[in-house]
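# Overview (structure and organization)
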Amino acid sequence: MMQCFHFMVEPAKQLTAKIKESNKRAKQEKREPLVEDQLFVVELARDLSRVCQRSEVLEHVWNQDDTWPTPLCQLFILQWASMLENKERLMQTDGWPEMDEDKQPDMMTLHDLQQAKTAILNWVQDLRAQPEQSVMPGEPVGKMLEDLQSAWRWRRVPNLLSAMELVMWTLVSQWSEKDKIPQQWLLWKQRTQKIGAISYIPQPVWDWIADASVDVTLDLDTANPDLLISPDEKKMRCGFERKDIPNFHQRFDGWWCAVGVEGLGSGRHYWEAEVGERDWRLGVAKESALRKGFKSLNTNTGYLTLRLERGSELKALTVPFTALPPGLIPRKVGIYLDHNNGQLSFYDVDKRSHIYTYNEPFTERLFPLFGTVEIIKDLVIRSPAAKTHCLCPTSCLWG
């Protein structure tokens, strides 16, 4: 009993000493000293790095080369306390527990944060009993950690938060298939943070997304009569005259849209589109969705889409619509559909980053949707770039 009590008191003493040490070091290096929540993350990174092989990347965190803003540290602490308190949920197919809406950072209290730290410290007690370098995360996770470290060094990612998450997930879910950990990480990030969840997607995960590539062509029988479609049925833009063509029931006669030829009823699918700079929409249409007139193409009418208006207003057409930050506006969009898991995600292909994710059960076929009002620049359906094979021993620095 005394040992348990000692474990709860001793970390507090150590943290006080670490704060004093951080203040002294900061004064010597002429920078801002770390506060308590930041030091908590630093010490956690040290414990993770000690037991997990191929986690040298975390040295940058506990050496304080990579320090996170206090609100980010608090969010990390809350999320992972929730994870550890619900470890039984990890035995489910999706793996990741949802965040408690009552404990979002803007609503949390000091008591919530202290409780979260206690939950993590309880887990760390067992972690410290493990031998050094006793956990091998697996080749896919190792490659991701190397990729994230390179991206951080080249300032393509602001911090090593994703690396910490991957190591935590590896240690918490040692029962899990190691090859699937990167995919589980991706699904969780998109499910719990729908908007811009991942500022940089590591190459192994990006390859996994691209492995689901499908060949999408436009269905001429669905295209609005104002649209000009290229002979290969992969480019579209608005013309100056409405064509005199049959008005099939599946044809758009209001919005300037068309859908792909094939409906997608199960499995994983990925496609890309190069878009204009002023106005476009991309996503999927449910098989039952109506296509006539100018009724709003949103989640209430069977459409899951992103829309750019006037070159600066990016929206997810939920009800009501969800405004997205201007910094997320892409020029080449990747669309990833996981029909079985009920997720539709959008990515900026050039930046290799996440934009937005819809989460809902899919019970019918979904058709890739494309829309534009531009008369000069085509909306172009592209095939994903082929994988590159590099001879670098670690993550390629020139990718």
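As a convention, each chain's residues are numbered from 1 in the sequence order in which they are written. In view of the model being predicted, local features appear only for residues whose pLDDT reaches at least 70, and side-chain atom pairs are presented and counted only at 80 or more, with totals across whole chains, interfaces and linings using the full set of residues. Note: side-chain values were computed over all heavy atoms of the structure, leaving out hydrogens and water.

### Quick look at the packing of aromatic side chains
Classification of ring pairs rests on two measures: the distance between centres of Phe, Tyr or Trp rings, Trp counted by its six-membered ring, which must be within 6.5 Å, and the angle between planes, read as stacked under 30 degrees, edge-to-face over 60 and tilted in between. In total, this model carries eleven aromatic pairs according to the counting rule given. Ring geometry for tryptophan 255 against phenylalanine 294: centres 5.2 Å apart, planes inclined by 75°, an arrangement best described as edge-to-face. You can see tryptophan 255 sitting in the loop between strand 2 (235-238) and strand 3 (257-259) and its partner phenylalanine 294 sitting in the loop between strand 5 (280-286) and strand 6 (303-309), a full 39 residues away along the chain. Think of it in three bands: with a 1.4 Å probe and only protein chains considered, a residue is buried below 20% of the maximum accessible area for its type, exposed above 50%, and partly exposed in between. Among the residues examined, tryptophan 255 registers a relative accessible area of 19% and is labelled buried. Cluster of aromatic residues (ring-pair linked, three or more members): Trp68, Phe76, Trp80 and Trp188. Ring-over charges, as used throughout, are those where CZ of Arg or NZ of Lys falls within 6 Å of the ring centre and within 35 degrees of the ring normal. Above the face of the phenylalanine 367 ring, arginine 291 is positioned so that its terminal group lies 5.6 Å from the ring centre. Here a helix means four or more residues in a row that DSSP labels H or I, a strand means two or more in a row labelled E, and each is numbered from the N terminus.

### Some points on empty space enclosed by the protein
Using a grid of 1 Å spacing that covers the protein atoms alone, one calls a set of points a cavity when a 1.4 Å probe fits there but cannot get out, and a pocket when the set is open and has protein on both sides within 12 Å along at least five of seven lines; lining residues are those with an atom within 4 Å of a point. Grid points are joined across faces, edges and corners, and a volume is the space filled by probe spheres set on the points. By the definition in use, this model includes three cavities of 30 Å³ or more. By volume, the largest cavity amounts to about 60 Å³. Within the lining of the largest cavity, the residues separate by chemical class into four nonpolar, two polar and three charged. When residue character is reported, Ala, Val, Leu, Ile, Met, Phe, Trp, Tyr, Cys and Pro are called nonpolar, Asp, Glu, Lys and Arg charged, and the others, Gly included, polar.

### Side note on the sheet that holds strand 6
By definition, the strands of a sheet pair up through backbone hydrogen bonds, in either a parallel or an antiparallel sense. Strand pairing is defined by DSSP finding a minimum of two bridges between the two strands. Taken together, the six strands give an open sheet; going across it, the order is 3-12-5-6-7-8, and neighbouring strands pair in antiparallel fashion. Strands at the two margins of the open sheet, each flanked by one partner only, are strand 3 and strand 8 (322-324). Across this sheet, the average inter-strand angle for adjacent strands is 20°, counted without regard to direction. Across four bridges, the pairing between strand 6 and strand 7 (residues 313-316) is antiparallel. From the neighbouring strand, leucine 308 faces strand 7, where its bridge partner is leucine 314. In this description, a line fitted to the C-alpha atoms serves as the axis of each element, helices being fitted only across the stretch in contact, and the angle between N-to-C directions of two axes falls anywhere from 0 to 180 degrees.

### A look at a nonpolar patch on the surface
The grouping of Phe240, Ile375 and Ile376 at the surface amounts to a nonpolar patch, some 400 Å² of accessible area in total. Mapped onto the secondary structure, isoleucine 376 falls in the loop between strand 12 (366-372) and strand 13 (379-382). Each patch is built from salt-bridge-free residues with over 30% relative accessible area, joining like charges within 9 Å and nonpolar side chains (Val, Leu, Ile, Met, Phe, Trp, Tyr) within 5 Å. Accessible surface is estimated by sampling points in the Shrake-Rupley manner with a 1.4 Å probe; for residues, cover comes only from the protein chains shown. The salt bridge definition used is simple: a Lys or Arg side-chain nitrogen within 4 Å of an Asp or Glu carboxyl oxygen.

In short, the description is geometric, and any link to function would need to be established separately.
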